[in-house]
Amino acid sequence: MKSRLLFLLLIMLLLFASACNPAEETLAEPVKLADAPQTQEQERVDMAEEKPIAEPASGLPVQPLNPVPTAQINFQTDLVDELVYRLSYMSSPIAGRKVTTVPGQLPNAPRRYRNGIHEGVDYYGISGGTIVLAAADGTVIRADHNFQEMTLAEYEEAIRLSAAAPTTPPELLDKFRGMQVWIRHDDGVVTRYCHLASINPEITAGIRVAGGQALAQVGNTGMRANIVGETKNASDEPHLHFEIWHGNTFLGQGRPLSEVLELYTRILD
Ligand SMILES: [Zn+2]
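Described in the following lines is the structure provided in the data block. As the structure is a computational prediction, the values presented were derived from the model and not from experiment.

**A short note on the overall build of the protein**
Now for step 1: Helix and strand counts for the protein stand at six helices and 11 strands.
Now for step 2: Taking all 269 residues of the protein together, 36% fall into the buried category.
Now for step 3: Look at the contacts in the protein between residues 6 or more apart in sequence, and 68% of them connect residues 24 or more apart.
Now for step 4: Put simply, the protein shows about 16,200 Å² of open surface, and 59% of that area lies on carbon and sulfur atoms.

**Details of the environment of phenylalanine 75**
Now for step 1: Mapping phenylalanine 75 onto the fold places it in the loop between helix 1 (2-58) and helix 2 (80-86).
Now for step 2: Owing to a relative accessible area of 2%, phenylalanine 75 belongs among the buried residues under this scheme.
Now for step 3: Expressed as a C-alpha distance, the spacing of phenylalanine 75 and valine 189, which sit 114 residues apart in the sequence, is 9.8 Å.
Now for step 4: Those residues in contact with phenylalanine 75 that lie beyond four places of it in its chain are Leu83, Leu87, Val189, Ile244, Trp245, His246, Thr249, Phe250, Leu251 and Arg255.

**Examining the pairing of strand 10 (residues 240-246)**
Now for step 1: In terms of residue burial, strand 10 counts as a mostly covered element, since six of its seven residues are buried.
Now for step 2: Across three bridges, the pairing between strand 3 (residues 121-123) and strand 10 is antiparallel. Note on strand 10: the bridge partner recorded for tyrosine 123 is leucine 240.
Now for step 3: Pairing geometry for strand 7 (residues 190-199) and strand 10, over five bridges, is antiparallel. Counterpart to cysteine 194 in the pairing with strand 10 is histidine 241.
Now for step 4: Bridge count between strand 10 and strand 11 (residues 249-250): two bridges; the pairing is antiparallel. Bridge pairing in strand 11 links histidine 246 to threonine 249.
Now for step 5: Here strand 10 folds back onto strand 11 in antiparallel fashion, the turn holding two residues, of which glycine 247 has a positive phi close to 60 degrees.

**Regarding helix 6 (residues 257-268)**
Now for step 1: Here helix 6 is 12 residues long and its end C-alpha atoms lie 16 Å apart, about the 16 Å a rise of 1.5 Å per residue gives.
Now for step 2: Where helix 6 is concerned, the buried positions are Val260, Leu263, Tyr264, Ile267 and Leu268. Relative to the axis of helix 6, the buried residues are bounded by an arc of 90 degrees and lie together on one face.
Now for step 3: Those residues of helix 6 that are buried are in contact with helix 2, strand 3 and strand 10.

**Notes on the layout of surface pockets**
Now for step 1: Empty space within the largest pocket amounts to approximately 430 Å³.
Now for step 2: Around the largest pocket sit 23 residues that line it, and Arg111, Tyr113, Tyr124, Met223 and Ser235 are the ones nearest its centre.
Now for step 3: Elements that contribute at least two residues to the lining of the largest pocket include exactly helix 4 (170-176), helix 5 (224-228) and strand 10.
Now for step 4: There is about 320 Å³ of room inside the second largest pocket.
Now for step 5: Around the second largest pocket sit 19 residues that line it, and Glu119, Leu173, Arg177, Arg192 and Trp245 are the ones nearest its centre.
Now for step 6: If you list the elements that add at least two residues to the lining of the second largest pocket, you get strand 2 (116-117), helix 4, strand 7 and strand 10.
Now for step 7: If one sorts the elements of the lining of the second largest pocket by residue count, helix 4 sits on top with three residues.
Now for step 8: Of the residues in the lining of the second largest pocket, the class split is seven nonpolar, seven polar and five charged.

Cut-off values and rules
- Residues numbered from 1 in each chain as written.
- Predicted model: local features only at pLDDT ≥ 70, side-chain atom pairs only at ≥ 80, totals over all residues.
- Heavy atoms only, no water.
- Helix = DSSP H or I, 4+ residues; strand = E, 2+ residues; numbered from the N terminus.
- Buried < 20%, exposed > 50% of the residue type's maximum accessible area, 1.4 Å probe, protein only.
- Contact = heavy atoms within 4.5 Å.
- Areas by Shrake-Rupley, 256 points an atom, 1.4 Å probe, with all protein chains shown as cover.
- Pairing = 2+ DSSP bridges.
- Expected span 1.5 Å × (residues − 1).
- Arc of directions from axis to C-beta.
- 1 Å grid on protein atoms, 1.4 Å probe; cavity = no way out; pocket = protein on both sides within 12 Å on 5 of 7 lines; lining within 4 Å.
- Points joined across faces, edges and corners; volume = space filled by probe spheres on them.
- Nonpolar A, V, L, I, M, F, W, Y, C, P; charged D, E, K, R; others polar.

Function-wise, these values are silent; they only describe arrangement.
Structure (structure tokens):
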């Protein structure tokens, strides 16, 4: 009896052992395979959970009730990349036209005939009457609907006074810019559209305009060629003189030509 019992016990042990071993092996594989993705998945879950947990834990609301004012745009001290980033909402005031690379048609170019410097960029190679577009959304702050061109005597007197002054006096420079539209954008930057031939009747001071909206027509007002009615050289041709100001500084003022070119092309083109 004893030996039979021992034999039966031995058989059961062997059966149990053989039943256990393959099961461990077959289970081992899927566990290993399932392990790696589970770990990655867990990491993802951990990362996803971190943010919502971390923010309330800091005790600060997601949107501050009184946000710290963002740094103000500064034409004098901001780096080129900063200015490009902040003014990237602007586009060309002449559809399909790129900023010139001619130094004399860019800001800071000398204007010896009036003892001053150029404060904007000129768009030449366009015919008189070409539509001038708002560079961006904003509010019209000036529209010279009642513009009156200088007489030749007035123009020559303005040139004489300018040449005798340390630099072109502002009130004379304003006359040299001819018929103008000014737009104040939401960040306080002002764009000026000058030498216009005419201004669309609906473009009046105080109205809101959208970027790309038609404002006026290209002309040659404020230029000697317009007053005397004759064109002596290429610079007498109708063109848009376009300025970008913040406070008392025009974009590119005092900067090297390479930076001026980079600023205007990257912002407007
Ligand atoms: Zn100009």
